[in-house]
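Summary of structural features
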Amino acid sequence: MKKLNGLVVAWVLALAASLPAPLAAQGDPAALVIRVQGAVDVTHGGAAPAPASVGEQMFVGDGVLPGTGSRAILITRAGAQQVVTERTSIAAPTEVGNPDIFERALATLAQAAGTDATTGGRQGMIRPIPGQTALVSPRNALNVASPRPTFTWTATQGQSYDVMLRQLEGGRPVVYEVGTDTVWALPDSAADLEQGAEYQWTIFVGGRRGGRALPPQNFRVIGLEESVDLEDYLEEISVFGLDPRGDGLFLTVVAYRDLGLFYEAREAMEAVEASGPLSWELYKLKGEILAELGHEEEARAAFDRADALR
């Protein structure tokens, strides 16, 4: 009897070893789509083919179906690049590369997917009255990468503007005459802004003599360490075999967003969207970026698009 029980236990153990992994483990994505060029469809779990989108998560057994002359670029969970130019079934990753890039992108998408789209109306949103001037960027105490950022505001017809800029800690305000333009950058004669320092700026509508000063906005230039981190990550993308401004642009969005560089992230995201459709997670990320910048209506449209695709 004891021998029979031992055989039963051995059989149960062998059966357990042969069963598939738990669903939680099986549910991990095997790859992410980071670029779609041309007509590319994907299938998930045997469902009907649908157009591929940047940021789409692919699982073992899913299919990638490029049309003639089309291709999709994926990064795998193992940290390798996969260029798909013909019908391909996603397999469990085996080639080992740099998994950090994949994990970082996946974590950013997961965080964006949980973004609360009902946070509109908080302080910092841009709600200009038509025909009146409002500061557009930089604002909301956000980071900028360049020590010579571009300043923008909305126009009041027939008015000229002066810009006032000062470093918050002990800096004296400096006023620059701008004229009627609503986009301005530091003149060549002015020194770069200090890395890691926080600044405040505003404009005088009608000039500083007799004009009206708008409520100021703050921003911060990223520090040297953050700048090095950004350069290192963009170099990591290049070593991965991707152009941070081309096929790897989605990964560049992730790098900008993770460093709080929402202005740069928005610009890169617009280029990604112009090159092909986005996944619902990526529309969530777009909405998060726009909300941080204060663009409430555009953020809401991105969140609504994400909900429609989900």
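In the block above lies the structure referred to throughout.
Residues numbered from 1 in each chain as written. Predicted model: local features only at pLDDT ≥ 70, side-chain atom pairs only at ≥ 80, totals over all residues. Heavy atoms only, no water.

**Side note on the sheet that holds strand β3 (residues 50–51)**
What the 4 strands build is an open sheet, ordered β3-β2-β5-β8; its pairing is antiparallel. Of all strands in the sheet, those bounded by a partner on one side alone are β3 and β8 (88–89). When strand β2 (residues 40–43) meets strand β5 (residues 63–66), the two strands line up antiparallel, connected through 4 bridges. Bridge pairing in β5 places Thr43 opposite Gly63. (Pairing = 2+ DSSP bridges. Helix = DSSP H or I, 4+ residues; strand = E, 2+ residues; numbered from the N terminus.)

**Overview of the packing of aromatic side chains**
On inspection of all chains with the given rule, the structure shows 7 aromatic pairs. For the ring pair Trp153 and Trp201, a centre distance of 6.2 Å and an interplane angle of 50 degrees mean the geometry is tilted. Note that Trp153 is positioned in strand β11 (residues 150–153) and Trp201 in strand β15 (residues 198–205), a separation of 48 residues in sequence. For the pair formed by Trp153 and Trp201, the shared burial category is buried. A ring pair is formed by Tyr199 and Phe219, whose centres lie 5.8 Å apart and whose planes are at 20 degrees; its orientation type is stacked. In this pair, Tyr199 sits in strand β15 while Phe219 sits in strand β17 (residues 217–221), placing the two residues 20 residues apart along the sequence. Connected via pairs of aromatic rings, a cluster forms that spans Phe151, Trp153, Tyr161, Tyr176, Trp184, Tyr199, Trp201 and Phe219. One Lys or Arg, Arg104, reaches over the ring of Tyr233 and ends 3.9 Å from the middle of that ring. (Phe/Tyr/Trp six-rings, centres within 6.5 Å; stacked < 30°, edge-to-face > 60°. Buried < 20%, exposed > 50% of the residue type's maximum accessible area, 1.4 Å probe, protein only. Lys NZ or Arg CZ within 6 Å of the ring centre and 35° of its normal.)

**Some points on helix α4 (residues 224–239)**
The terminal C-alpha atoms of α4, which comprises 16 residues, lie 22 Å apart, in line with the 22 Å expected from a rise of 1.5 Å per residue. Restricting attention to buried positions, one finds in α4 the residues Ser227, Leu230, Tyr233, Leu234 and Ile237. Viewed end-on, α4 has its buried residues packed into an arc of 130 degrees, placing them on one side of the element. Along α4, exposed side chains directed more than 90 degrees from the buried face belong to Leu224, Glu225, Glu231 and Val239. Note on α4: the residue one or two positions beyond its end, Gly241, has a positive phi of about 100 degrees. (Expected span 1.5 Å × (residues − 1). Arc of directions from axis to C-beta.)

**Digging into the sheet that holds strand β4 (residues 57–58)**
Spatially, β4-β1-β6-β7 is the arrangement adopted by the 4 strands of the open sheet, whose pairing is antiparallel. The outermost strands of the open sheet, each flanked by one partner alone, are β4 and β7 (81–84). Note: strand β6 (residues 71–76) against β7, 4 bridges, orientation antiparallel. Residue pairing across strands places Ile73 opposite Val83, the latter belonging to β7.

**Observations concerning the packing of helix α3 (residues 99–113) against α4**
Two numbers describe how α3 lies on α4: the axes approach to 10 Å, and their chain directions differ by 115 degrees. Crossing handedness for the pair α3 and α4: left-handed. Between α3 and α4, the residues in contact are Asp100, Ile101 and Arg104 and Tyr233, Glu236 and Ile237, respectively. (Axes fitted to C-alpha atoms, helices over the stretch in contact; angles between N-to-C directions. Left-handed = near helix turned anticlockwise from the far one by under 90°. Contact = heavy atoms within 4.5 Å.)

**Quick look at a negative patch on the surface**
Together, Glu225, Asp229, Glu231, Asp232 and Glu235 line one region of the surface with negative charge. Along the chain, Glu225 falls in helix α4. (Patch = residues over 30% accessible without salt bridge, like charges linked within 9 Å, V, L, I, M, F, W, Y side chains within 5 Å. Areas by Shrake-Rupley, 256 points an atom, 1.4 Å probe, with all protein chains shown as cover. Salt bridge = Lys/Arg side-chain N within 4 Å of Asp/Glu carboxyl O. Lys, Arg positive; Asp, Glu negative; His and termini not counted. Charge placed at Lys NZ, Arg CZ, Asp CG, Glu CD.)

This is a description of form; function is not addressed.
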